[in-house]
Amino acid sequence: MIRAVLRDLASGPIAVQMRRFVVVGALTAGLQLALLWLFVDAAGLNYLVGATIAIEITIVCSYVLNNAWTFRASRNTGVSEYLTGLLKTNLVRGTAIPIQLGVLAALVEWGGVMYLVANVVAIIISGLYRFVLDAQWTWG
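Here the structure is a predicted model, which is why all the values come from computation and not from measurement. (Residues numbered from 1 in each chain as written. Predicted model: local features only at pLDDT ≥ 70, side-chain atom pairs only at ≥ 80, totals over all residues. Heavy atoms only, no water.)

**Quick notes on the overall build of the protein**
- Across its full length, the protein carries five helices and zero strands.
- Along the protein, helices (α) and strands (β) appear in the sequence α-α-α-α-α when read from the amino end.
- Seen along its three principal axes, the alpha-carbon backbone of the protein occupies a region of about 40 × 40 × 20 Å.
- Across the protein, the fraction of contacts at a sequence separation of at least 24, relative to all contacts at a separation of at least 6, is 65%.
- If you sum the accessible surface of the protein, you get close to 7,700 Å²; carbon and sulfur atoms cover 72% of it.
- Taken as two groups, the 9 positive and 6 negative side-chain charges of the protein have centres that lie 15 Å from each other. (Helix = DSSP H or I, 4+ residues; strand = E, 2+ residues; numbered from the N terminus. Contact = heavy atoms within 4.5 Å. Areas by Shrake-Rupley, 256 points an atom, 1.4 Å probe, with all protein chains shown as cover. Lys, Arg positive; Asp, Glu negative; His and termini not counted. Charge placed at Lys NZ, Arg CZ, Asp CG, Glu CD.)

See below:
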């Protein structure tokens, strides 16, 4: 069963979407890391507060890119549909914020990992969760 799921991710019907989702995620993760550094090192915010703000900004950026490219076959087009999709992705990704912040805090506080490195790990861990919910609900 696990092999079948992995095979579908590599060459199945959702493979293209998954690759595009990863590209968008990598771009917005880079933006999130830059914003996090800016908020923490330049503005002096606590890393968890900075991460929360950076995450919300990248949620909006991710939605715009994913709607236009990753899920273009089922994209949200009209104003009402577009705003509903933005609300849905905010709810999906909003539920991932505690996961990401929890992993971030655990790695920083208990693991002694630098906050930027810990945030990369937290993004990766919460990424699959976000893809499944966005694919099924936001653009499903």
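**Notes on the side chain of serine 62**
- Its place among the elements puts serine 62 in helix 3 (residues 47-70).
- For serine 62, the contacting residues outside a window of four places in its chain are Val24, Thr28 and Arg93.

**A short note on the packing of helix 2 (residues 15-42) against helix 5 (residues 115-138)**
- Between helix 2 and helix 5, the shortest axis-to-axis distance is 10 Å and the interhelical angle comes to 145°. Relative to helix 5, helix 2 is oriented so that their crossing is right-handed. From helix 2, Gln17, Met18, Phe21, Ala29, Gln32, Leu33, Leu36, Trp37, Val40 and Asp41 reach across to helix 5, where they touch Tyr115, Leu116, Asn119, Val120, Ile123, Gly127, Leu128, Arg130, Phe131 and Asp134. (Axes fitted to C-alpha atoms, helices over the stretch in contact; angles between N-to-C directions. Left-handed = near helix turned anticlockwise from the far one by under 90°.)

**A look at the UniProt feature "domain: GtrA/DPMS transmembrane" (unreviewed entry) in the protein**
- In the numbering adopted here, UniProt assigns the feature "domain: GtrA/DPMS transmembrane" (unreviewed entry) to residues 20-139.
- Here residues 20-139 is 85% helix and 0% strand, with 14 Å between the C-alpha atoms at its ends. (UniProt positions renumbered as here; feature names shortened; annotations may be inferred.)

**Structural notes on the domain arrangement of the protein**
- Examined at the domain level, the protein breaks down into domain 1 (1-74) and domain 2 (77-139).
- Taken over C-alpha atoms, the centre of domain 1 sits 8 Å from the centre of domain 2.
- Facing 26 residues of domain 1, the contacting portion of domain 2 comprises 28 residues.
- Of the roughly 2,400 Å² buried at the junction of domain 1 and domain 2 (both faces included), carbon and sulfur atoms supply 73%.
- The tally of links from domain 1 across to domain 2 stands at zero salt bridges.
- The tally of links from domain 1 across to domain 2 stands at five residue pairs in polar contact (both at pLDDT 80 or more). (Domains from an automatic or database assignment. Buried area = accessible area lost by both parts, 1.4 Å probe. Salt bridge = Lys/Arg side-chain N within 4 Å of Asp/Glu carboxyl O. Polar contact = N/O pair within 3.5 Å; in protein donor to acceptor, adjacent residues only side chain to side chain.)

**Brief notes about the nonpolar core**
- Counting 15 residues, the largest nonpolar core has Leu36, Tyr47, Leu101, Leu104, Val108 and Tyr115 as the members making the most contacts within it.
- Counting residues per element, the ones that place at least two in this core are helix 2, helix 3, helix 4 (79-109) and helix 5.
- The greatest single-element share of this core, amounting to five residues, is contributed by helix 4.
- Domain assignment of the residues forming this core places at least three in each of domain 1 (1-74) and domain 2 (77-139). (Core = buried A, V, L, I, M, F, W, Y, C linked by side-chain atoms within 4.5 Å. Buried < 20%, exposed > 50% of the residue type's maximum accessible area, 1.4 Å probe, protein only.)

**Re a nonpolar patch on the surface**
- Together, Ile99, Val121, Ile125, Leu128, Tyr129, Val132 and Leu133 give the surface a local cluster of nonpolar side chains, amounting to about 540 Å² of exposed area.
- Considering every element that reaches the nonpolar patch, the biggest residue donor is helix 5, with six residues.
- Mapped onto the elements of the fold, leucine 133 is located in helix 5.
- With a relative accessible area of 31%, leucine 133 lands in the partly exposed category. (Patch = residues over 30% accessible without salt bridge, like charges linked within 9 Å, V, L, I, M, F, W, Y side chains within 5 Å.)

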